[in-house]
Amino acid sequence: MAEWGEIKRHEITNKLLERIAKSLEKLVETMEIKGELQEKIKKLEDGRYEQFLFWRNISEPCEECDGSGTKTYGSTSTWSKRPGGQIITTDICDKCWGTGDKFRKGTNLRKLNMQIKELEKRIKELEEK
Ligand SMILES: [Zn+2]
């Protein structure tokens, strides 16, 4: 009786091991397929990013916005640094000024804004004379 019990347990163990081995094989297969798919997706995404940079004529993407030309600011004042509401806002990147290119910067809107304010102040002064 004891021997019979041992054999049965042995058979069960073997069958269980076979099932575990098959499950593991399937898992490995699934992981390989998933890995291949991820690799393909990554290549497609990489290609799309390169295409995006090409379309925007960007040789070296801006470190701040990765070439998008926009950036998320913590308030509604965005690049202007004026008082602003507490809403996360997307606006022109204040490092490349919208070009997305590290070496080809757009118009510095902060500087331009200051120049306009200075001119408005001078006009007002002249009008008061
Ligand atoms: Zn930028």
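Residues numbered from 1 in each chain as written. Predicted model: local features only at pLDDT ≥ 70, side-chain atom pairs only at ≥ 80, totals over all residues.

(A) Structural detail: the overall build of the chain. Within the chain one finds two helices and two strands. Written out in order from the N terminus, the α and β elements of the chain read α-β-β-α. The C-alpha atoms of the chain give 32 Å as radius of gyration, which overshoots the globular expectation for 129 residues (14 Å, by more than 25%). In terms of principal-axis extent, the alpha carbons of the chain reach across some 120 × 35 × 15 Å. (Helix = DSSP H or I, 4+ residues; strand = E, 2+ residues; numbered from the N terminus. Rg over C-alpha atoms; globule rule 2.2 N^0.38 Å.)

(B) Spotlight on helix α2 (residues 109-128). For α2, spanning 20 residues, the distance from its first C-alpha to its last is 28 Å, which sits close to the expected 28 Å at 1.5 Å a residue. Along α2, only zero of the 20 residues are buried, which leaves the element largely exposed. (Expected span 1.5 Å × (residues − 1). Buried ≥ 20, exposed ≤ 12 C-beta atoms within 10 Å, placed from the backbone.)

(C) View of the domain arrangement of the chain. One can read the domain layout of the chain as domain 1 (1-55) and domain 2 (70-128). One C-alpha centre belongs to domain 1, the other to domain 2, and the line joining them spans 53 Å. (Domains from an automatic or database assignment.)

(D) Highlighting the confidence of the model for the chain. This prediction gives the chain a mean pLDDT of 88; 95% of its residues lie at or above 70. No element of the chain has a lower mean pLDDT than helix α1 (residues 2-55), at 81, and none a higher one than α2, at 95. (pLDDT = per-residue confidence, 0-100.)

(E) Representation of the pairing of strand β1 (residues 70-73) in the model. Side-chain alternation along β1 places Lys71 and Tyr73 on a buried face and Thr70 and Thr72 on a face that remains uncovered. For β1 and strand β2 (residues 89-92), the ladder comprises four bridges, and the chain directions are antiparallel. Looking across to β2, one finds that Thr72 is bridged to Thr90. (Pairing = 2+ DSSP bridges.)

(F) Molecular detail of unusual backbone geometry. Phi is positive for Asp66, close to 60°, though the residue is something other than glycine. The phi torsion at Trp97 lies on the positive side, around 55°, for a residue other than glycine. Mapped onto the fold, Trp97 is located in the loop between β2 and α2. Judged by the 21 C-beta atoms lying within 10 Å of it, Trp97 is buried.

(G) Spotlight on the environment of Glu60. Within the fold, Glu60 resides in the loop between α1 and β1. Given 12 C-beta atoms within a 10 Å radius, Glu60 is considered exposed. Along the primary structure Glu60 and Arg104 are separated by 44 residues, whereas in three dimensions their C-alpha atoms are 9.0 Å apart. Not counting residues up to four positions away in its chain, the partners in contact with Glu60 are Asp101, Lys102 and Phe103. (Contact = placed C-beta atoms within 7 Å.)

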